[in-house]
Amino acid sequence: MGSEPRRKLVDLPVLHNFTLYRTQTNYYLIGRDKKQTFWRVLKIDRTDPTELNLFEDPTRYTHDEIIQLKRWLSRGNEKYGGLRTETTCYGIIGFVKFLGPYYMLVIKKRKKVGEICGHSVYGVAESQMIMIPNSPNEMTRADSSSELRYNKLLNMVNLSNNFYFSYTYHLMYSLQKNISETERGKIHYETMFVWNKYLTHGIRRKLQNTVWTVALVYGFFQQTKCIVSDEEFIMTIIARRSRHYAGTRYLRRGVNDEGSVANEVETEQIVTKEVAEGQKIPMTSVVQMRGSIPLFWSQKPSMFNPQPDIILNNNDRNYVATQHHFENLKQRYGRLIIILNLLKGGNHRENNLREEFQKAIWSINGGIKDDYLLAIHFDLNEHYKSGADRAFESLCNYGKRALKLINLFFGEAPSGIGADGVINDLFFSRPILNQDEEATSSEQEALKADIFMLQTGVFRSNCIDCLDRTNVAQFANGLVALAHQLQILGIRGPPVVDKNNPLAKKLMEVYVNMGDAIAIQYAGSDAHIRMFSALRGDWNMIKKNRDKIIAFRRYLYNTFQDSKKQNAINVFLGKFKPQLGKPALWELHSDQQNTMRNSSVLDFKNARNYRPKLSRSFSDNLILEGLDPKELLHENPQASREGLNNSWETTSEVGFDEAESSSSRVHSVIRDEDHFGGTGSRQMFLDVGSTSDSFGFDDIPGFLHSYNATFITAEEMFGRCSSTSSQT
């Protein structure tokens, strides 16, 4: 091969910076790569007031050629004002049409928030909405007013908060999926975590590529460089919110017919070790998820009742949607699904939902031969009354044993791995890469990832809202996972599963931040911090009053703002598409907000008489200890109060048990010492075989040397946001 060195994968050509120019008849979007080696041109017609007409120039221009092209365009349009600069941007978010013209949404400012395997990750700092036609059709006063209202609705979705993207990394996928799966040609914008799928549909269909657009992931992203005992590693927490059943707290509950649940968020915790340039990067990741109880249930917000009654729809006695949900989880994460259900029991209003939950699990496990759903029922609120430390220790133990069963991802990969696939996937029918020369075997080996361990399931947590209690449970699981991630990477230090050391406190801070972001997105307020404050030992009257204010703010927001925000989300995601002559979105009844069977778009027929169907949600699988699934077929479906409130259930060979269990139906596979007697420190699982024998889960890194911790935020690492692109 030639003497010129091979380019690093991360340097492959992608359009990063764009300038939008306008003439009387067209917009010209000129984009260039990061190193300014080539330029591309997209022409957008401005003469058609109702259609989106795009024309992509296949030429890859040099700097001199693009300067000359702009001169020609300016001279050719001199009579009408020439070629004028409209704006600079960092990519197209999408196009949208209400009742009149098309609009283009672009990223006006971006902020670098982190790097994953050499790939830059950005947050949207500011967006801009640009009307395409130079003279849109005239509309009636009523339609014009509606157009303005739809415009305001769309802008309620604040793109500058918690929307993230990468030009060369599939941020919608976990690290394990990015590294281990090499399938090409997928339309990644169609996946559940890409929020601008609908907005980009038109340009993707017309151009058959995603060169000009970015895929937006909504949720949370925080990266921290950690220096502990003179060893450096990067800790990244990513939350990805599903768009499939997205919405607000009281208008999106439970499950829909397709098996998608409300407030479904995937959380990934990545730890990578800092190594010298040119070496493969050791990396680990753990994925957990949260989601509403997968049954059909609802709550009606009320001005007079801040805690509305839970309404169960019991028409789906075969729990079909629930089965869809868990089958989907198995396809995404692996065969083993472990559910941590934090619903309250006893006489609390949540108990009816909890009992129905259990019946659903019995039913599902009774109909399958293997890969049973494993469930943990743990009334966190009740156990918290006996002490935050004991309750948290129980959560850590659950996380520890779950991690032993499902493992985590561990591998080594070169910086920039996967970028070639990302570039090829930009084009649906023709690749951009032109490999003129074959790589040598040593080069091929250097570009491959070494995979040592895979995560083969997922830990699913929920409470009634999947917010406050769930945040604490996910932090406990993340803390336990962090200890093993550092151990696998060979980073030694103090015991991480000790909430009082600096690293644990930093992780808690990140999970608190994530909890606030997720709570604001779903419920309109920050998350409650009572349990976190109790763990830190700083719960006091000031913070108690803060939680009361948060509860009141959440109540007001859910009562008076949920409907408007739900409408905004429906418009943004294309669940509702405005049409002239049809009822406006705000004229329709609450769709709870749209739970109509086999339909993802609001129906206009008989809109005035439309009545919502109650949403169901999958029941979390609460598996009775040692209960043979065959027995379920012959049992009364009405579960005993004792079994529901005091036991974990499992029909598999692995037993789970809630603290202080009093269930009398205990199979011999559950040993006495597997029950919590009050210390919260005994083993909950049987010592079953695991593929993770390469490291011991019972061993926690010890305090081997002095413990000095330094944490560097992404803002310190990467600086302020980019506000303007250089002119092209």
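Residues numbered from 1 in each chain as written. Predicted model: local features only at pLDDT ≥ 70, side-chain atom pairs only at ≥ 80, totals over all residues. Heavy atoms only, no water.

**Student:** Can you help me understand the nonpolar core in this one?
**Tutor:** Inside soluble globular proteins, nonpolar side chains tend to come together where they are buried. Core analysis: the biggest nonpolar cluster contains 68 residues, and Ile338, Leu340 and Leu395 have the highest contact counts within it. Of the residues forming this core, the biggest block, 13 residues, is contributed by helix α12 (residues 502-523). Ranked by size, the runner-up nonpolar core spans 34 residues in total, among them Leu99, Tyr103, Ile107 and Leu216. (Core = buried A, V, L, I, M, F, W, Y, C linked by side-chain atoms within 4.5 Å. Buried < 20%, exposed > 50% of the residue type's maximum accessible area, 1.4 Å probe, protein only. Helix = DSSP H or I, 4+ residues; strand = E, 2+ residues; numbered from the N terminus.)

**Student:** What am I meant to see in a nonpolar patch on the surface here?
**Tutor:** Together, Met303, Phe304, Phe552, Leu556 and Phe560 give the surface a local cluster of nonpolar side chains, amounting to about 580 Å² of exposed area. With respect to the helices and strands, the residue methionine 303 is situated in the loop between β14 (295-298) and β15 (311-312). (Patch = residues over 30% accessible without salt bridge, like charges linked within 9 Å, V, L, I, M, F, W, Y side chains within 5 Å. Areas by Shrake-Rupley, 256 points an atom, 1.4 Å probe, with all protein chains shown as cover. Salt bridge = Lys/Arg side-chain N within 4 Å of Asp/Glu carboxyl O.)

**Student:** For this particular structure, what's the right way to read the packing of aromatic side chains?
**Tutor:** Geometrically, a pair of aromatic rings is defined through the distance of the ring centres and the angle of the planes. Under the criterion given, the structure shown has 19 aromatic pairs. A ring pair is formed by phenylalanine 98 and tyrosine 103, whose centres lie 5.7 Å apart and whose planes are at 45°; its orientation type is tilted. Classification of phenylalanine 98 as buried rests on a relative accessible area of 3%. Between phenylalanine 163 and tryptophan 195 the ring centres are 6.4 Å apart and the planes differ by 75°, which places this aromatic pair in the edge-to-face class. Remark: tryptophan 195 occurs in the loop between α3 (175-180) and α4 (201-207) and phenylalanine 163 occurs in strand β9 (residues 163-165); sequence separation between them is 32 residues. By relative accessible area, which is 1% here, phenylalanine 163 ends up buried. Given the relative accessible area of 2%, tryptophan 195 is considered buried. The rings of Phe98, Tyr103, Tyr150, Phe576 and Trp586 are connected pair by pair, giving a single aromatic cluster. A cation over an aromatic ring shows up here: arginine 60 above the ring of phenylalanine 38, its NZ or CZ 4.1 Å from the ring centre. Cation over ring: arginine 149 sits above tryptophan 586, and NZ or CZ is 4.2 Å from the ring centre. (Phe/Tyr/Trp six-rings, centres within 6.5 Å; stacked < 30°, edge-to-face > 60°. Lys NZ or Arg CZ within 6 Å of the ring centre and 35° of its normal.)

**Student:** Looking at this model, I keep getting lost on the packing of helix α11 (residues 468-488) against α12. Mind explaining?
**Tutor:** The relative placement of two packed helices comes down to the angle between their axes together with the axis-to-axis distance. Packing of α11 against α12 brings their axes to within 10 Å, and their N-to-C directions diverge by 140°. As the angle between them shows, α11 and α12 are arranged oblique. Judged by the twist between their axes, the crossing of α11 over α12 is right-handed. Residues Asn471, Gln474, Phe475, Gly478, Leu479, Leu482 and Leu486 of α11 pack against Leu503, Ala504, Leu507, Met508, Tyr511, Met514 and Gly515 of α12. (Axes fitted to C-alpha atoms, helices over the stretch in contact; angles between N-to-C directions. Parallel < 35°, antiparallel > 145°, perpendicular 65-115°, else oblique. Left-handed = near helix turned anticlockwise from the far one by under 90°. Contact = heavy atoms within 4.5 Å.)

**Student:** I keep staring at the side chain of aspartate 379 and nothing clicks. Help me out?
**Tutor:** Here aspartate 379 shows up in the loop between β17 (374-377) and α7 (380-384). No salt bridge is formed by the buried aspartate 379. Its closest oppositely charged neighbour is arginine 354, at 4.5 Å. Engagement of the side chain of aspartate 379 in a polar contact is seen with the backbone nitrogen of glycine 345, the distance being 3.1 Å. (Lys, Arg positive; Asp, Glu negative; His and termini not counted. Polar contact = N/O pair within 3.5 Å; in protein donor to acceptor, adjacent residues only side chain to side chain.)

**Student:** How should α12 be read in this particular structure?
**Tutor:** For an α-helix, the turn length of 3.6 residues means that residues three or four places apart are oriented alike. For α12, with 22 residues, the first-to-last C-alpha span of 31 Å sits near the 32 Å given by 1.5 Å per residue. By the criterion of burial, α12 is predominantly enclosed, with 17 of the 22 residues buried. In this structure asparagine 501 caps α12, since a side-chain oxygen of it lies 2.9 Å from the backbone nitrogen of leucine 503. One or two steps after α12, the chain reaches glycine 524, where phi turns positive at roughly 85°. (Expected span 1.5 Å × (residues − 1).)

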